[in-house]
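Examination of the molecular architecture
Spelled out, the chains give:
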Amino acid sequence: RGSLFIIAGITLQGCVFGALLRPIYFKSEMADKSKSKLADTSTSGKTKDRLIARLKNVLGLSLFKMPYFVVFMLANVFYAFGYMIPFAHLVKHARTVGVEPQEAAFLVSVVGIGEGVSRISYGWLLNLGLYPLLRGYIVCTLGVGLGLLFIPFAQTYPSMAVCCLFVGIFAGSCSAQNAVFLAEICGVSRLGSALGIAYSLVGFALLFGPPVAGRLYDITGNYNVSFYVAGGTIMLCVLMLSALELHRTINAHQPSTDIPDSGGEAKNTQHKDTDEDI
């Protein structure tokens, strides 16, 4: 109980530091805001439409019109749902295998240690630009899913510790990339709204993960099913991200048909300008 109070006190410090932050506005955003203000003052009435438009702008609901953003969010929801399930049953599963209580509780710390180290190290690796970012994210997500699927097959403490470390390392690598992909998909100017939507949806997935794990145990009387479901949902996330990367790769290699036409139009306009000058 005392440790929970300490964690709550540390977390509340974020409210203090968050209140001291000032929003950063880009020049393009300031220009758009000034235009919107002029439009609002010029048009009288229709206050309801303006309020709805402002609300959509604040919440960033227009981001759901972007297919890449929607697919990435759905993949993150499945990932968060599957990733939270093992924490509800990891210690109890280790106890049923025959691990001592203190060693079984330390398995959660093994996941946390691996995640903390990988967040820093993988962030440095991302800056090297050795491979496409989304492909690296898919590999890390695949590692988390495989690690969860192999935990039921680990019947000794060293093997379970290896699986937990495996899960923690790849999970930390995934956590270090979310903001990067959202900035790439939605743009830096809309990153705040994208992160807000992402954390909200992921929060609901994290909330429903442990109750589903408990219900699975009540039905089956076995902790292994929870790990299979967790790994399966993360594998579904891998399939969605792989389809997204495949679609992006195909679109990147498709030759654009607009360039020759625009070039031809440019050449025609140049000829017209030279004729007029002559």
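Residues numbered from 1 in each chain as written. Predicted model: local features only at pLDDT ≥ 70, side-chain atom pairs only at ≥ 80, totals over all residues. Heavy atoms only, no water.

**Observations concerning the overall build of the chain**
- The helix and strand inventory of the chain stands at 11 helices and zero strands.
- The order of helices and strands in the chain, counted from the N terminus, is α-α-α-α-α-α-α-α-α-α-α.
- Looking at the chain as a whole, 29% of its 278 residues qualify as buried.
- In the chain, the proportion of contacts linking residues at least 24 apart, taken out of those at least 6 apart, comes to 81%.
- Here the chain displays about 17,500 Å² of accessible surface, and carbon together with sulfur accounts for 67% of that area. (Helix = DSSP H or I, 4+ residues; strand = E, 2+ residues; numbered from the N terminus. Buried < 20%, exposed > 50% of the residue type's maximum accessible area, 1.4 Å probe, protein only. Contact = heavy atoms within 4.5 Å. Areas by Shrake-Rupley, 256 points an atom, 1.4 Å probe, with all protein chains shown as cover.)

**Here we look at the nonpolar core**
- If you look at the biggest cluster of nonpolar residues, it comprises 54 residues, and the most contacted ones within it are Phe69, Phe72, Tyr79, Tyr83, Val144, Leu182 and Leu241.
- Of all elements in the fold, only helix 4 (67-97), helix 5 (101-127), helix 6 (133-150), helix 7 (157-175), helix 8 (178-186), helix 9 (191-220) and helix 10 (224-253) reach the threshold of two or more residues within this core.
- Per-element accounting of this core gives the leading share, 11 residues, to helix 4.
- Residues within four places of leucine 241 in sequence aside, it is in contact with Phe72, Ala75, Leu134, Tyr137, Ile138 and Thr141. (Core = buried A, V, L, I, M, F, W, Y, C linked by side-chain atoms within 4.5 Å.)

**With respect to the packing of helix 8 against helix 9**
- Remark: helix 8 packs on helix 9, axes separated minimally by 9 Å, with the N-to-C direction vectors making an angle of 125°. Considering the angle they form, helix 8 stands oblique to helix 9. Between helix 8 and helix 9 lies a crossing of right-handed hand. Taken together, the residues of helix 9 that come into contact with helix 8 (itself represented by Ala179, Leu182, Ala183 and Cys186) are Leu191, Ala194, Leu195 and Ala198.
- For the contact of helix 8 with helix 9, the per-class residue count stands at eight nonpolar, no polar and no charged. (Axes fitted to C-alpha atoms, helices over the stretch in contact; angles between N-to-C directions. Parallel < 35°, antiparallel > 145°, perpendicular 65-115°, else oblique. Left-handed = near helix turned anticlockwise from the far one by under 90°. Nonpolar A, V, L, I, M, F, W, Y, C, P; charged D, E, K, R; others polar.)

**Details of the pattern of salt bridges**
- Within this structure, the stated rule accounts for three salt bridges.
- Glutamate 115 serves as the salt-bridge partner of arginine 119, at 3.0 Å between the closest nitrogen and oxygen. Taken together, the residues arginine 119 and glutamate 115, both in helix 5 and four residues apart, mark about one turn of the helix.
- What makes arginine 119 partly exposed here is its relative accessible area of 42%.
- Owing to a relative accessible area of 15%, glutamate 115 belongs among the buried residues under this scheme.
- In this structure, arginine 135 engages glutamate 245 in a salt bridge whose closest nitrogen and oxygen atoms are separated by 3.0 Å. Residue arginine 135 is located in helix 6, and its partner glutamate 245 is located in helix 10; the two are separated by 110 residues in the primary sequence. (Salt bridge = Lys/Arg side-chain N within 4 Å of Asp/Glu carboxyl O.)

**What to know about the packing of helix 4 against helix 6**
- At a minimum axis distance of 11 Å, the contact between helix 4 and helix 6 shows a crossing angle of 30°. The orientation of helix 4 with respect to helix 6, classified from their angle, is roughly parallel. Once helix 4 is placed against helix 6, the crossing between them reads as left-handed. Contacts between helix 4 and helix 6 involve Phe72, Asn76, Tyr79, Gly82, Tyr83 and Pro86 from the first element and Tyr137, Thr141, Val144 and Leu148 from the second.
- The residue inventory of the contact of helix 4 with helix 6, partitioned by class, reads seven nonpolar, three polar and no charged.

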